[in-house]
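Structural characterization, general
Listed here are the chains, written in short residue letters.
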Amino acid sequence: MISQRLLLSAAIPALMALSAAPASAETLKVVASFTVLADVVKQVGGDLVDVTSLVGPNGDPHEFEPSPADAKNLKAAEVTFVSGEGLEGWMDRLITASGYKGKPVTVSDGIATRTMEEDGEKITDPHVWNSPVNVKVWVANIEKALSAADPADAAAFKANAEKYSKTLDDLNAYAHAKFDAIADDRRKVLTSHDAFGYFGREYKVSFLAPLGLSTESEASAAGVAKLIEQIKSEHVKAYFFENSNDPRLVKQVAKATGAEPGGELYVESLSDAKGPAPTYEKMFRYNVDQLAAAMAKSS
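Conventions and cut-offs
- Residues numbered from 1 in each chain as written.
- Predicted model: local features only at pLDDT ≥ 70, side-chain atom pairs only at ≥ 80, totals over all residues.
- Heavy atoms only, no water.
- UniProt positions renumbered as here; feature names shortened; annotations may be inferred.
- Axes fitted to C-alpha atoms, helices over the stretch in contact; angles between N-to-C directions.
- Helix = DSSP H or I, 4+ residues; strand = E, 2+ residues; numbered from the N terminus.
- Parallel < 35°, antiparallel > 145°, perpendicular 65-115°, else oblique.
- Contact = heavy atoms within 4.5 Å.
- Nonpolar A, V, L, I, M, F, W, Y, C, P; charged D, E, K, R; others polar.
- Pairing = 2+ DSSP bridges.
- Salt bridge = Lys/Arg side-chain N within 4 Å of Asp/Glu carboxyl O.
- Buried < 20%, exposed > 50% of the residue type's maximum accessible area, 1.4 Å probe, protein only.
- Phe/Tyr/Trp six-rings, centres within 6.5 Å; stacked < 30°, edge-to-face > 60°.
- Left-handed = near helix turned anticlockwise from the far one by under 90°.
- Right-handed = clockwise from strand over helix to strand, strands pointing away.
- Expected span 1.5 Å × (residues − 1).
- Polar contact = N/O pair within 3.5 Å; in protein donor to acceptor, adjacent residues only side chain to side chain.

Looking up the protein in an unreviewed UniProt entry gives the name Probable zinc ABC transporter, substrate-binding protein, with the organism given as Rhizobium etli. Recorded in UniProt under Subcellular location (unreviewed entry), the annotation for the protein is "Cell envelope". As its UniProt record puts it under Sequence similarities (unreviewed entry), the protein is described as follows: "Belongs to the bacterial solute-binding protein 9 family."

It is worth spelling out the packing of helix α5 (residues 132-149) against helix α6 (residues 154-180) at this point. Two elements in contact, α5 and α6, have axes whose closest approach is 9 Å; the angle formed by their N-to-C orientations is 175°. Looking at the two axes, α5 sits roughly antiparallel to α6. Contacts between α5 and α6 involve P132, V133, V135, K136, V139, E143, L146 and S147 on the former and, on the latter, A154, F157, K158, A161, Y164, S165, L168, D169, L171 and N172. When grouped by side-chain class, the residues that make up the contact of α5 with α6 number 11 nonpolar, 3 polar and 4 charged.

Spatially, the 4 strands line up as an open sheet ordered β2-β1-β3-β4, and their pairing is parallel. The two strands at the open ends of the sheet, each matched to only one other strand, are β2 (49-53) and β4 (105-106). Examined bridge by bridge, strand β3 (residues 79-82) and β4 share 2 bridges and lie parallel to one another. Within β4, the residue paired with F81 across the bridge is V105. Its contacts with the sheet place helix α2 (residues 35-45) against β1 (28-32), β2 and β3, and it is angled at close to 175° to β2.

Turning our attention to the pattern of salt bridges. If charged atoms from side chains of opposite charge come close, those side chains can pair. If you walk through the whole model with that rule in mind, you get 6 salt bridges. Note that K136 is salt-bridged to D169, the shortest N-O span being 2.9 Å. Taken as a pair, K136 in helix α5 and D169 in helix α6 lie far apart in primary sequence, 33 residues in all. The class for K136 is partly exposed, based on a relative accessible area of 32%. Put simply, R285 and E281 hold a salt bridge, and the shortest N to O gap is 3.9 Å. Placement of the pair is R285 and E281 together in helix α10 (residues 280-298), with a separation of 4 residues, close to one helical turn. Residue E281 is classed as partly exposed on the basis of its relative accessible area, which comes to 31%.

What follows deals with the packing of aromatic side chains. The tally for this structure, following the rule as stated, stands at 12 aromatic pairs. Both rings, one in F64 and one in W90, keep their centres 4.8 Å apart while their planes meet at 65°; by these two values the pair is edge-to-face. Here F64, found in the loop between β2 and α3 (68-76), pairs with W90, found in the loop between β3 and α4 (91-98); they are 26 residues apart in sequence, far enough to count as distant. Of the two residues, F64 and W90, both sit in the buried class. Taking 6.2 Å as the distance between ring centres and 55° as the angle between the ring planes, the aromatic pair formed by Y203 and F284 counts as tilted. Of this pair, Y203 sits in helix α7 (residues 197-203) while F284 sits in helix α10, and the two are 81 residues apart along the sequence. F284 matches Y203 in its accessibility class, with the two residues each being buried.

For the rest of this paragraph, the subject is the packing of α2 against α5. Where α2 contacts α5, the two axes come as close as 10 Å, and the packing angle between them is 60°. Considering the angle they form, α2 stands oblique to α5. Of the two possible hands of crossing, α2 and α5 adopt the one that is right-handed. Across the interface between the two elements, V36, L37, V40, V41, V44 and G45 of α2 pack against V135, W138, V139, I142, E143 and L146 of α5.

Right, let's get into the pairing of β3. The side chains of a regular strand alternate between the sheet's two faces. Burial of the side chains of β3 extends over both faces: V79 and F81 are buried on one face and T80 and V82 on the other. As paired elements, β1 and β3 share 3 bridges and run parallel to each other. In the sheet register, V31 faces β3, and the bridge partner there is T80. Between β3 and its parallel partner β4, the chain crosses via α4, and the hand of that crossover is right-handed.

This part takes up α6. Between its terminal C-alpha atoms α6 stretches 38 Å, which fits the 39 Å expected from 27 residues at 1.5 Å a residue. All of the buried residues along α6 are F157, A161, Y164, S165, T167, L168, L171, N172, A175 and F179.

Time to look at the environment of S271. Among the secondary structure elements, S271 is positioned in the loop between β10 (260-265) and α10. What makes S271 buried here is its relative accessible area of 5%. For S271, the contacting residues outside a window of four places in its chain are P57, N58, Y266, P276, A277 and P278.

What follows concerns the side chain of T80. Of note, T80 is situated in strand β3. Only 3.1 Å separates the side chain of T80 from the side chain of Y100, close enough to count as a polar contact. What T80 contacts, discounting residues up to four positions off in sequence, is V31, L74, M91, Y100, P104 and V105.

Following this line, the structure appears as structure tokens:
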């Protein structure tokens, strides 16, 4: 029969191991405004963060309407991330409603943004993530914020950030290899709204769209007529609709111009886990492949 002393002596090392577990073993509760950003935060945070995205898969961050559950998640967050540049126009209202006491981290700080005229006003294009070069700035800002919230795990965040930055470099090289091989006059496509400005700037692709930077804007009849004429004169051969917004207008424009469907793009939202774009890396590669294939077909 085993003595109580032996049982105790066997249990003590296990108890000591439990008491020696680092405090940082608890995951940080993190909220991100939309799925693309949530995935990048997860890449940097790894198993040390529990990330909740306010806007869900296939959701539109422009027209998002927060729920009481979103307010509850935000209030419980230890760190909150937004992209910024006017994308999350609903965030201030949600902060007030939730009683959240923190200040969201704006991950786009430091990016060389582009501006454009819309309805007579100069506005900043918020769709910075459609270039992996910009997402590297996100990664640096996310690493800094997570390390400030959890200094004990700063080395892990740094290692994750460096690894993911290399992935982003690979994505950039992949896109350049695809598009650099296509003649300049073929790098033109029609999309639902003006969300590919940074992608276009990096890879010299022209995107034409009936809607402006926000899906909340409305296209005028004169503006649509002008776009149709431009598409015809520039011989744009392919059109794409987006997973997170209404395709009817872009289909109407395509019908009037003879542009052929190129498929669906993931622009400001990831797909669900079963879709083709459940992570930023897969989303970007998928979009590049879809666009390049349509351009090559039209050449």
